[in-house]
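Chain residues, written in single-letter form:
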Amino acid sequence: MFHLRHGRVIAVETPGAPGVEALLLRSGRVSAADWGTLTPTGRFMPGAELVARGSLGAKELQVVTVMALRDAVFAVVAGDTAECVAVPRSVPMAPAPGGEDPLELLDEAARKVAGLATLPQAVLPDRERVIAGHGAAGLAEGLVRHRREILFHANGRRTARDIAFVVGRGVYHVTVEISRMLGDGLLERAGRGEVLGTAQPWSVPALEPRRAAHGPDPVVIGGADLPYRIPGASGFTMKALVADDSATG
């Protein structure tokens, strides 16, 4: 669900990506006990209540809110949409202050999907299940934390989306890392009728950026689920964010 206010996107909620609640709880930023004491009202905004209580900083909530919004747009663009309907007066759990430009969000998501497609063993968030590769267990101790988490939860029944929910990380970050781990032999594909380690073909969705990106080509940066701006770029330019072991180790 895209929540719009005055032409800007203030929140996006989809079963394809962890929302604000999942990111806060799974990451340990907010305890289950604190969340359980929140009192639903007609305009229930738990994020604002957590900040008012001092359980969460306002800046931290803003970062998580924007991260969840942009990650959800990526999940929508990378997935399949059966239909679109208008729902009047929807109230998001934690709206992003000021909102985001819808065209820039779609441009960003399209570039993320296109960047993901360039990886040799790329997967989409909800398409393929993964399992630890042969001999990967012996290498686990030498891996950075986010790779160990993914390896631990890759039981052959979970997709990148499933693992993102379990570990409380953005689905884009997890999908990119799983694609890289497949290429490194740490993970293998698993599923009925599939041969382990065999890539499944998929194509980039038909969505294309509305404006050509200016500035350098997509870069590899470390451990970030949030986008960043390139100084001197014309307009909003989203780089393909790919986790870098050297920066997150």
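You'll find the structure just up there.
Residues numbered from 1 in each chain as written. Predicted model: local features only at pLDDT ≥ 70, side-chain atom pairs only at ≥ 80, totals over all residues. Heavy atoms only, no water.

K.L.:
Now, about the nonpolar core: what can you tell me, with residues and values included?
P.N.:
Of all hydrophobic cores here, the largest spans 40 residues; its most connected members are Ile163, Val174, Ile178 and Leu187. For this core, the secondary-structure elements that each account for two or more residues are strand S2 (8–12), helix H4 (58–78), helix H5 (102–117), helix H6 (145–153), helix H7 (160–167) and helix H8 (171–183). For this core, the leading source of residues is H4, giving 8 residues. By size, the runner-up hydrophobic cluster in this structure holds 13 residues, among which are Val30, Leu38, Leu61 and Ala68. (Core = buried A, V, L, I, M, F, W, Y, C linked by side-chain atoms within 4.5 Å. Buried < 20%, exposed > 50% of the residue type's maximum accessible area, 1.4 Å probe, protein only. Helix = DSSP H or I, 4+ residues; strand = E, 2+ residues; numbered from the N terminus.)

K.L.:
Provide a residue-level description of a nonpolar patch on the surface, including the pertinent values.
P.N.:
There is a patch of nonpolar side chains on the surface, built from Met1, Val85 and Val87 and spanning about 290 Å² of accessible area. Structurally, the position occupied by Met1 is in the segment before strand S1 (2–5). (Patch = residues over 30% accessible without salt bridge, like charges linked within 9 Å, V, L, I, M, F, W, Y side chains within 5 Å. Areas by Shrake-Rupley, 256 points an atom, 1.4 Å probe, with all protein chains shown as cover. Salt bridge = Lys/Arg side-chain N within 4 Å of Asp/Glu carboxyl O.)

K.L.:
Residue-level account of the pattern of salt bridges, with values.
P.N.:
Summed over the entire model, instances satisfying the criterion amount to 12 salt bridges. Between Glu100 and Arg70 there is a salt bridge, with the nearest N and O atoms lying 2.9 Å from each other. Here the residue Glu100 occupies a position in the loop between H4 and H5, and Arg70 occupies one in helix H4, the gap between them amounting to 30 residues. Look at Glu100 and you get buried, because its relative accessible area is 14%. Salt-bridge contacts for Glu128 lead to Arg189; the nearest nitrogen and oxygen are separated by 2.5 Å. Linking Glu128 in the loop between H5 and strand S3 (129–132) with Arg189 in strand S5 (residues 187–190), this pair joins segments that are 61 residues apart in sequence. Connected through shared salt-bridge partners, Arg70, Glu100, Glu108 and Lys112 make up one network.

K.L.:
With reference to specific residues and values, describe the pairing of S3.
P.N.:
Pairing between S3 and S5: 4 bridges, direction antiparallel. Following the sheet pairing, Arg129 is matched in S5 by Ala190. Sheet analysis places S3 next to strand S4 (residues 155–158), joined by 2 bridges and oriented antiparallel. When the sheet's bridge partners are listed, Ile131 is paired in S4 with Asn155. (Pairing = 2+ DSSP bridges.)

K.L.:
Could you give an account of the packing of aromatic side chains, with specific residues and numbers?
P.N.:
Taken as a whole, this structure holds 1 aromatic pair when the rule is applied. With a centroid separation of 4.9 Å and 70° between ring planes, the pair formed by Phe74 and Tyr172 is classed as edge-to-face. Residue Phe74 is located in helix H4, and its partner Tyr172 is located in helix H8; the two are separated by 98 residues in the primary sequence. There is no split in this pair, since Phe74 and Tyr172 are both buried. Directly above the ring of Tyr172 sits Lys112, whose terminal nitrogen or CZ lies 4.8 Å from the centroid. (Phe/Tyr/Trp six-rings, centres within 6.5 Å; stacked < 30°, edge-to-face > 60°. Lys NZ or Arg CZ within 6 Å of the ring centre and 35° of its normal.)

That is the geometry; function is a separate question.
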